Amino acid sequence: MTKITIRMQAETPPVESDSEDPLSSRGPTPEQQQQQQPCDPAEALNQLNAELGVLRETRSDSALFSAYSSHPQVFNDEHKMAFLHTENYVVKAAADRMFSYWEARADLFGEERMVLPMDKSGTLNPEDSLAL
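Residues numbered from 1 in each chain as written. Predicted model: local features only at pLDDT ≥ 70, side-chain atom pairs only at ≥ 80, totals over all residues. Heavy atoms only, no water.

### So, the nonpolar core
Counting residues in each nonpolar core, the largest one holds 22 residues, and the members touching the most others are Leu48, Leu64, Leu84, Met98, Trp102 and Met114. Tallying contributions element by element places helix 5 (residues 91–109) first for this core, with 7 residues. (Core = buried A, V, L, I, M, F, W, Y, C linked by side-chain atoms within 4.5 Å. Buried < 20%, exposed > 50% of the residue type's maximum accessible area, 1.4 Å probe, protein only. Helix = DSSP H or I, 4+ residues; strand = E, 2+ residues; numbered from the N terminus.)

Structural data, given as structure tokens:
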């Protein structure tokens, strides 16, 4: 029996264009650079609060603001600082992570249970506890 090996190599030719996209050659705007720069924790917390205010105007029907409306005590400075610390005090990234976090909690636990503690007395039912 003869063993045959077939090697296929796909080559993608480079795409050349006569006109260069003017936006691709530019770097981030000064505003985008500022949003990506880490700042000190106290200033980051102030900026995060301002960023959440802007998000509230555009995404008021989100899980984040639903949870905030019903349980504002959950959204203390310690809670916000956890997101800032995770994102190295980059405010925009922390706000996006916080938004995604609350959307995921709403998807997993539902609107009513998403604000409860993540333990047997809160969001986890007996079936959830067994799974963990």
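Past the structure itself, the notes keep going.
### Comments concerning the packing of aromatic side chains
Enumeration over the complete set of coordinates arrives at 4 aromatic pairs. On the numbers, 5.4 Å between centres and 70° between planes, the contact of tyrosine 68 with phenylalanine 75 is edge-to-face. Look at tyrosine 68 and you get partly exposed, because its relative accessible area is 33%. Centroid distance phenylalanine 75 to tryptophan 102: 5.1 Å. Interplanar angle 40°. Geometry classified as tilted. Taken together, the residues span a long stretch of sequence, with phenylalanine 75 in the loop between helix 3 (63–70) and helix 4 (77–86) and tryptophan 102 in helix 5 at a distance of 27 residues. Connected via pairs of aromatic rings, a cluster forms that spans Tyr68, Phe75, Phe83, Tyr101 and Trp102. For the cation-ring pair, arginine 59 lies above phenylalanine 99, with the distance from its terminal atom to the ring centre recorded as 4.3 Å. (Phe/Tyr/Trp six-rings, centres within 6.5 Å; stacked < 30°, edge-to-face > 60°. Lys NZ or Arg CZ within 6 Å of the ring centre and 35° of its normal.)

### Some words on the packing of helix 2 (residues 41–58) against helix 4
Between helix 2 and helix 4, the least distance of the axes is 10 Å, while the angle of their chain directions is 100°. With respect to their mutual orientation, helix 2 and helix 4 come out roughly perpendicular. Contacts between helix 2 and helix 4 pair Pro41, Ala44, Leu45, Leu48, Asn49 and Leu52 from the former with Asp77, Lys80, Met81 and Leu84 from the latter. Tallied by class, the residues present in the contact of helix 2 with helix 4 amount to 7 nonpolar, 1 polar and 2 charged. (Axes fitted to C-alpha atoms, helices over the stretch in contact; angles between N-to-C directions. Parallel < 35°, antiparallel > 145°, perpendicular 65-115°, else oblique. Contact = heavy atoms within 4.5 Å. Nonpolar A, V, L, I, M, F, W, Y, C, P; charged D, E, K, R; others polar.)

### Some points on the side chain of glutamate 51
Mapped onto the elements, glutamate 51 comes out in helix 2. Given the relative accessible area of 17%, glutamate 51 is considered buried. If sequence neighbours within four positions are ignored, glutamate 51 has contacts with Val91, Lys92 and Ala95.

### Some remarks on the packing of helix 2 against helix 5
Where helix 2 meets helix 5, the axes come as close as 9 Å, and the angle between the chain directions of the two elements is 55°. On the basis of their axis angle, the class for helix 2 and helix 5 is oblique. In this structure, helix 2 meets helix 5 at a crossing whose hand is right-handed. Of the residues in helix 5, those touching helix 2 at Ala44, Gln47, Leu48, Glu51, Leu52 and Leu55 are Val91, Lys92, Ala94, Ala95 and Met98. Grouping the constituent residues of the contact of helix 2 with helix 5 by class yields 8 nonpolar, 1 polar and 2 charged. (Left-handed = near helix turned anticlockwise from the far one by under 90°.)

Function cannot be inferred from these measures alone, as they are strictly geometric.
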